[in-house]
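Each chain is listed here by its residues.
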Amino acid sequence: MRKMVLSILVENTFGVLSRVAGLFSRRGYNIDSLTVGATENTEYSRMTVVATGDEQILDQIKKQLAKLEDVKEIKELVPNQSVCRELILVKVAVTPAERQSVISIADIFRAKIVDVAPDSLMVELTGNEAKLAAFVQLLEGYTIKEIARTGITGLSRGAGDMGEYIDD
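Keep in mind that what you see is a predicted model, and the values were worked out from it rather than measured. (Residues numbered from 1 in each chain as written. Predicted model: local features only at pLDDT ≥ 70, side-chain atom pairs only at ≥ 80, totals over all residues. Heavy atoms only, no water.)

Peer 1: Honestly, the nonpolar core in this entry has me stumped. Any pointers?
Peer 2: Here is a general trend for soluble globular proteins: nonpolar side chains tend to be buried in one another's company. With 17 residues, the main nonpolar core has Ile8, Phe24, Met47, Ile61 and Leu65 as its most contacted residues. Going through the elements one at a time, strand 1 (2-11), helix 1 (16-27), strand 3 (44-53) and helix 2 (55-67) are the ones with two or more residues in this core. Ignoring any residue separated from it by four or fewer positions in sequence, one finds Phe24 in contact with Tyr29, Asn30, Ile31, Val49, Ala51, Ile61 and Leu65. Grouped together as the second largest cluster of nonpolar side chains are 16 residues, Ile88, Ile105, Val123 and Phe135 included. (Core = buried A, V, L, I, M, F, W, Y, C linked by side-chain atoms within 4.5 Å. Buried < 20%, exposed > 50% of the residue type's maximum accessible area, 1.4 Å probe, protein only. Helix = DSSP H or I, 4+ residues; strand = E, 2+ residues; numbered from the N terminus. Contact = heavy atoms within 4.5 Å.)

Peer 1: Would you mind going over the layout of surface pockets with me for this structure?
Peer 2: The gaps of empty space that remain are located by a probe, the size of a water molecule, rolled over the atoms. For the largest pocket, the calculated volume is near 320 Å³. If you go around the largest pocket, you meet 17 residues; those closest to its centre are Val5, Leu77, Pro79, Cys84 and Glu129. Elements with a minimum of two residues in the lining of the largest pocket: strand 1 and strand 5 (82-93). Along the lines of polarity and charge, the residues of the lining of the largest pocket split into eight nonpolar, three polar and six charged. (1 Å grid on protein atoms, 1.4 Å probe; cavity = no way out; pocket = protein on both sides within 12 Å on 5 of 7 lines; lining within 4 Å. Points joined across faces, edges and corners; volume = space filled by probe spheres on them. Nonpolar A, V, L, I, M, F, W, Y, C, P; charged D, E, K, R; others polar.)

Peer 1: How should I be thinking about the packing of helix 1 against helix 2 in this particular structure?
Peer 2: As a packed pair, helix 1 and helix 2 sit with axes 10 Å apart at the nearest point and diverge in direction by 135 degrees. With respect to each other, helix 1 and helix 2 are oriented oblique. Read as a crossing pair, helix 1 and helix 2 show a hand that is right-handed. Taken together, the residues of helix 2 that come into contact with helix 1 (itself represented by Val20, Leu23, Phe24 and Arg27) are Ile61, Gln64 and Leu65. Looking at the contact of helix 1 with helix 2 residue by residue, the classes come out as five nonpolar, one polar and one charged. (Axes fitted to C-alpha atoms, helices over the stretch in contact; angles between N-to-C directions. Parallel < 35°, antiparallel > 145°, perpendicular 65-115°, else oblique. Left-handed = near helix turned anticlockwise from the far one by under 90°.)

Peer 1: Would you mind going over the side chain of Ser45 with me for this structure?
Peer 2: Topologically, Ser45 is positioned in strand 3. Residue Ser45 is classed as buried on the basis of its relative accessible area, which comes to 6%. Engagement of the side chain of Ser45 in a polar contact is seen with the side chain of Asn12, the distance being 3.4 Å. Not counting the four nearest positions on each side in its chain, Ser45 is found in contact with Ile8, Leu9, Val10, Asn12, Val36, Gly37, Ala38 and Thr39. (Polar contact = N/O pair within 3.5 Å; in protein donor to acceptor, adjacent residues only side chain to side chain.)

Peer 1: Whenever I open this one, the pairing of strand 1 confuses me. Can you help?
Peer 2: The side chains of a regular strand alternate between the sheet's two faces. In terms of burial, strand 1 is a largely internal element, seven of the ten residues being buried. Summarising the sheet, strand 1 and strand 3 pair through ten bridges and their orientation is antiparallel. Across the sheet, Leu6 pairs through a bridge with Val49, a residue of strand 3. The sheet contact formed by strand 1 and strand 4 (residues 71-76) spans five bridges and is antiparallel. Bridge assignment links Leu6 to a residue of strand 4, and that residue is Glu76. (Pairing = 2+ DSSP bridges.)

What follows is the structure in structure tokens.
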């Protein structure tokens, strides 16, 4: 089993997210992570889809996505040839005595304290999956009240891009 990260350039049209997600559900494939956002051209959006499977399943996913009318380009974001990031918000229950130690852990990871309440802190951290996992693991000695994650998004390194459609 292998994890694949796909950057998909799609037309910014009504129902495109539903059609892409529907393709996965009809075929019985699971989406590990899905993010969608506007590009520099409002006619197009970029989806980042993370899926896990054997080579045959992953190849089939790419082929089926390419058949969708709204999909203009698909690029696999290969490790070391791309930059992938995720944002996480973590609300940690803290006593006054614990507050500084949680802030210290956040500082080590260059995380931001975005909310302070009498009995909790909310921490924002952006990074790759390994960094986020290490951060959450260090917080295991505390009570984590809530976690929210954006899902992975990314771009390939270097000058190459999916610009054929963007520049229109």
